[in-house]
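An overview of the molecular structure
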Protein chains: 2
Amino acid sequence: MKFQLLKGMRDLTPEQAMKKQKVIGVIRSVFERYGFAPIETPALESFDMLSMKEGGDAIRREIYNFRDQGNREIGLRFDLTVPLARFMSNNPNLPKPFKRCAIGDVWRYDNPQAARWRQFTQADIDTIGSPSVMADAECVAAVIDALERVGLKDFKVRVNNRKLLENVLIGCGVNKERIFSVFRVIDKMDKIGKNGVDEELKKLGIDAGRIFSFLGKDISQLEKFQGCDELEEFSGAMESFGMKDRIKIDLALVRGLEYYTGNVFEILSSLSVSIGGGGRYDKMMAAYGAGDFPAVGISIGIDRLLELLPDDGKKTPAKVFIATIGDVQKEALSIASGLRKGGISTVAELIGRNIKKQLEYADSLKIPYVIVIGPDEVGKKTAKVRNMETRKEEDVAFADLPKYLG
Amino acid sequence: MKFQLLKGMRDLTPEQAMKKQKVIGVIRSVFERYGFAPIETPALESFDMLSMKEGGDAIRREIYNFRDQGNREIGLRFDLTVPLARFMSNNPNLPKPFKRCAIGDVWRYDNPQAARWRQFTQADIDTIGSPSVMADAECVAAVIDALERVGLKDFKVRVNNRKLLENVLIGCGVNKERIFSVFRVIDKMDKIGKNGVDEELKKLGIDAGRIFSFLGKDISQLEKFQGCDELEEFSGAMESFGMKDRIKIDLALVRGLEYYTGNVFEILSSLSVSIGGGGRYDKMMAAYGAGDFPAVGISIGIDRLLELLPDDGKKTPAKVFIATIGDVQKEALSIASGLRKGGISTVAELIGRNIKKQLEYADSLKIPYVIVIGPDEVGKKTAKVRNMETRKEEDVAFADLPKYLG
């Protein structure tokens, strides 16, 4: 009987999983240096909670939702921000600002596409309870720091401000009620191009030319609009962090979600792949009963990021394989035990195959060193150590193995 | 609008989440030293796959299963072993033995009890493709090593062998068809006591006295029974690992699952709480179409383990809080940036509160050091550093802060 993965789901092999864990380890430690404290929330939440923000029916088609055996309507979380709001409302006494980090899986009933899975991993940081643009800058700085440390080159963070964009659009004659419709059209710029946006705005009866001329301006020309000060302050803070080169102010950046209220961010690779983003959302905590706390956050899409980073080709954590000739398994285990105590990842032969098969096994896993022991080696308490890359062998006393291989 | 957690679900606060991550980090690194390579499989699997092992209807009541929008019957994984079998069948070319580690969440629609949640975390290691008792011993050794390194005291691993128990029962006159019924009764020993087992066996028309006399014997008295050799070999291997003291052979140990075929293990705290277990399962891979590979594995229940370990009381990763007096936020960010580059977790004031409130905040998060800067300190490029435990203050030049606090 053979079973398959569900559509849109995937496994990670050791090669992929080790790469992912290494990247997450670096990101987590950077986030911790910025003082973001981890929390965990469950994968399952009530559907009422999950659907409040965006309205029930649209979200119902986009997430995994169902009734459990107790007939509760529940669903799998589709991001880490909505559960954060629920968490804050259930833990009202946490000291503010609350700087939280969450790295975890989320699920969406999307149509699977390239590099788009129905389960994926996000790494989020959010600061709840500070209205300061410094908090915005700190979130973005932490993400830039993390991405640099995992070895990503040539990425930028696009930045805009919702208030500024709204006020510019109003200045261009867009009615306040139609702001979000226009937002949605401008948001498609990357997909449908300037001509496409032009056409769609025309359909709404809006003069795209005027809007385009504003979107191309430098922020210094827009200082009369509310929101521009927040962008400028953000820019100054990024300079204090020594990270101004990573920032690109782009008045055409919208970011899909309606809940943003101030600066918004999008992390863009050199290939123009979005690796994540975020922004300020000052109204959401209150909407979830978590108190009237301003908030800002940013999220890295781990799966997208991993595709942009080179593979190191490791197939096992093991550095050493102990091959055995004859009945020396106990000695092999005892040598393995000593190496492991010295912090060296070790695999010992567990089948008793012939030596050729054992060496092929070590090779197939790309284990860098092989120790060969048989009755002779056990008698002399000295093993042959083979460097699998250079194919050179050396005799090493059992007692010296941890030092030699460490 | 306030939303609650679903029944049986819980959040982890920073205090709990940091403890959990620390423990998982140690366990993962020990597992890696033994050469177990991580894999990841998705939370959702087809219901056919999840239910094959135990039969559809019983499992339907115990897991989260539902139909997705494509009308597929799917469910959340309830352990990490069944998905491993599916993974092996989909990745037939992995070099064997395949030593895999998986740390992840699983879901069960249990009745919530103390320390029993509907989502919990397991840390598993399994070796696929070795029939050797050495592989059994290595799994148990890795778990003992990991538990010792996370600081658990006074635990034991109970060990038994399925073949031995089966043969002893047959020797006591139990019919082969009734072996599993008797297994299930003996398995309840901890819950219902010897008297309870006695009564239930009587109901099955079985002479409990004879069985009890065998279960109390030393293995040296049972050498004529098949399976005893595997227990003795296991015991010898644990001696090679220097871990024989952690092992307790207990002929009354059953372990619930029917798929075990050889040695079985249960990790027991000094309070007789089960923290996990496992065993050899030589038939399961073939049943899932993964080839005729013998297998052995063991699992740690992370949530149970965490309850047995002391809390360290940390509420944030931050070691340093930078308090500001007046308009010195940019200088605060620049000092924070320097400390973070030096690997010191730092939080800077992000609201501009009065100094008393800022110190209360640092205190409430138990941050060990506070740096106070105002216009004077910025002028002299020297900050006051307060040790929050001793309440002593010292003046430190800005440039020396990373060294002083490192």
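Check the entry above for the structure.
Each value, and the rule that gives it
- Residues numbered from 1 in each chain as written.
- Chains lettered and ligands numbered in written order.
- Predicted model: local features only at pLDDT ≥ 70, side-chain atom pairs only at ≥ 80, totals over all residues.
- Helix = DSSP H or I, 4+ residues; strand = E, 2+ residues; numbered from the N terminus.
- Rg over C-alpha atoms; globule rule 2.2 N^0.38 Å.
- Buried ≥ 20, exposed ≤ 12 C-beta atoms within 10 Å, placed from the backbone.
- Contact = placed C-beta atoms within 7 Å.
- Least-squares fit on C-alpha atoms with pLDDT ≥ 70 in both.
- Pairing = 2+ DSSP bridges.
- Nonpolar A, V, L, I, M, F, W, Y, C, P; charged D, E, K, R; others polar.
- Axes fitted to C-alpha atoms, helices over the stretch in contact; angles between N-to-C directions.
- Arc of directions from axis to C-beta.
- Parallel < 35°, antiparallel > 145°, perpendicular 65-115°, else oblique.
- Left-handed = near helix turned anticlockwise from the far one by under 90°.
- Expected span 1.5 Å × (residues − 1).

1. So, the overall build of chain A
- In terms of regular secondary structure, chain A is built from 16 helices and 16 strands.
- The C-alpha atoms of chain A give a radius of gyration of 27 Å, which is well past the 22 Å a tight globule of 406 residues would have.
- The buried share of chain A, reckoned over its 406 residues, is 45%.
- Restricting the contact set of chain A to residue pairs at least 6 apart, pairs at least 24 apart contribute 68%.

2. Notes on the relation of the copies chain A and chain B
- When chain A is fitted onto chain B, the two copies agree to an RMSD of 0.1 Å after a turn of 180° and an axial shift of 0.0 Å. The two molecules are tied by a two-fold rotation axis, judged by turn and shift. No C-alpha of chain A approaches the rotation axis more nearly than that of A:F66, which lies at 3.3 Å.
- When the interface residues of chain A are mapped onto chain B, 100% of them are again interface residues, pointing to one common binding face.

3. Here's the deal with the pairing of strand β10 (residues 274-280) of chain A
All names here are of chain A.
- Counting buried positions along β10 yields six of seven residues, so the element is predominantly enclosed.
- From the end of strand β9 (residues 263-268) to the start of β10, which pair antiparallel, there are five residues, and S272 there has a positive phi angle of about 60°.
- Bridging between β10 and strand β11 (residues 295-301) involves five bridges; their strand directions are antiparallel. Bridging from a neighbouring strand, R280 pairs with V296 of β11.

4. Remarks on the environment of A:A252
- Mapped onto the elements of the fold, A:A252 is located in the loop between β8 (247-249) and β9.
- Once the C-alpha coordinates of A:A252 and A:Q122 are considered, the two residues, 130 residues apart in sequence, prove to be 25 Å apart.

5. Overview of the interface of chain A and chain B
- Counting from both sides, the interface comprises 79 residues of chain A and, opposite them, 81 residues of chain B.
- Considered class by class, the residues forming the side of chain A that touches chain B number 39 nonpolar, 24 polar and 16 charged.

6. Structural notes on the sheet that holds strand β7 (residues 156-161) of chain B
All names here are of chain B.
- Pairing is mixed across the open sheet formed by eight strands, whose spatial order is β1-β5-β6-β11-β10-β9-β7-β8. Of all the strands in the sheet, the pair left with one neighbour each is β1 (37-38) and β8 (247-249).
- Bridging between strand β6 (residues 119-128) and strand β11 (residues 295-301) involves seven bridges; their strand directions are antiparallel. Residue pairing in the sheet places A123 in a bridge with I300 of β11.
- Packed on one face of the sheet, helix α4 (residues 81-90) meets β5 (98-107), β6 and β11 and runs near 45° to β6.

7. A short note on helix α14 (residues 355-364) of chain A
Residue and element names in this part refer to chain A.
- Regarding α14, the residues found buried are Q358, Y361 and A362. Along α14, the residues classed as buried sweep out an arc of 95° about the axis, all on the same side.
- On its buried face, α14 sits against β12 (320-324) and β14 (369-373).
- At the C-terminal side of α14, K366 shows a positive phi close to 55°.

8. Focus on the pairing of β11(A)
- Most of β11(A) is tucked away: seven of the seven residues are buried.
- Across the two faces of β11(A) the burial is the same, with A:A295, A:G297, A:S299 and A:G301 and A:V296, A:I298 and A:I300 all buried.

9. Describing the environment of A:D312
Residue and element names in this part refer to chain A.
- Relative to the elements of secondary structure, D312 occurs in the loop between α12 (302-308) and β12.
- Classification of D312 as exposed rests on a count of 9 C-beta atoms within 10 Å.
- In the structure, D312 is positioned 22 residues away from S334 in sequence and 30 Å away in space, judged by C-alpha atoms.

10. Description of the sheet that holds strand β16 (residues 393-397) of chain B
Residues and elements named next belong to chain B.
- If you trace the five strands from one edge of the open sheet to the other, you get β13-β12-β14-β15-β16, paired in mixed fashion. The sheet is open, and its two borders are formed by β13 (346-348) and β16, each paired with just one other strand. Neighbour to neighbour, the strand axes of the sheet diverge by 25° on average, direction disregarded.
- Strand direction decides the pairing type here: strand β12 (residues 320-324) and β13, joined by three bridges, are parallel. Following the sheet pairing, I322 is matched in β13 by A348.
- Packed onto the sheet, helix α14 (residues 355-364) meets β12 and β14 (369-373) and runs at close to 170° relative to β12.

11. Describing unusual backbone geometry
- In this model, A:K96 is joined to A:P97 through a cis peptide bond whose omega is -5°.
- Tracing the backbone shows A:P97 in the loop between α4 (81-90) and β5 (98-107).
- Despite not being glycine, A:K381 shows a phi value in the positive range, around 50°.
- Mapped onto the elements of the fold, A:K381 is located in the loop between α15 (375-380) and β15 (382-387).
- By C-beta crowding, A:K381 is classed as exposed, having 11 other C-beta atoms within 10 Å.
- Located in the positive-phi region is B:S272, a residue other than glycine, with phi close to 60°.
- The residue B:S272 is located in the loop between β9 (263-268) and β10 (274-280) in this model.
- The class of B:S272 is exposed, set by 8 C-beta atoms lying within 10 Å.

12. Notes on the packing of helix α5 (residues 133-149) of chain A against helix α10 (residues 228-240) of chain A
Residue and element names in this part refer to chain A.
- The interhelical angle for the contact between α5 and α10, taken along N-to-C directions, is 50°, at an axis separation of 9 Å. Put simply, α5 runs oblique to α10. The chirality of how α5 crosses α10 is right-handed. Judged by residue contacts, V133, M134, D136, A137, V140 and A141 of α5 engage E230, E233, F234, A237 and M238 from α10.
- The class makeup of the residues in the contact of α5 with α10 is eight nonpolar, no polar and three charged.

13. Quick notes on helix α8 (residues 189-203) of chain A
- Look at α8(A): only 16 Å from first C-alpha to last across 15 residues, short of the 21 Å you get at 1.5 Å a residue.
- A positive phi of about 75° marks A:G205, the residue just after α8(A).

Honestly, it's all geometry; don't read function into it.
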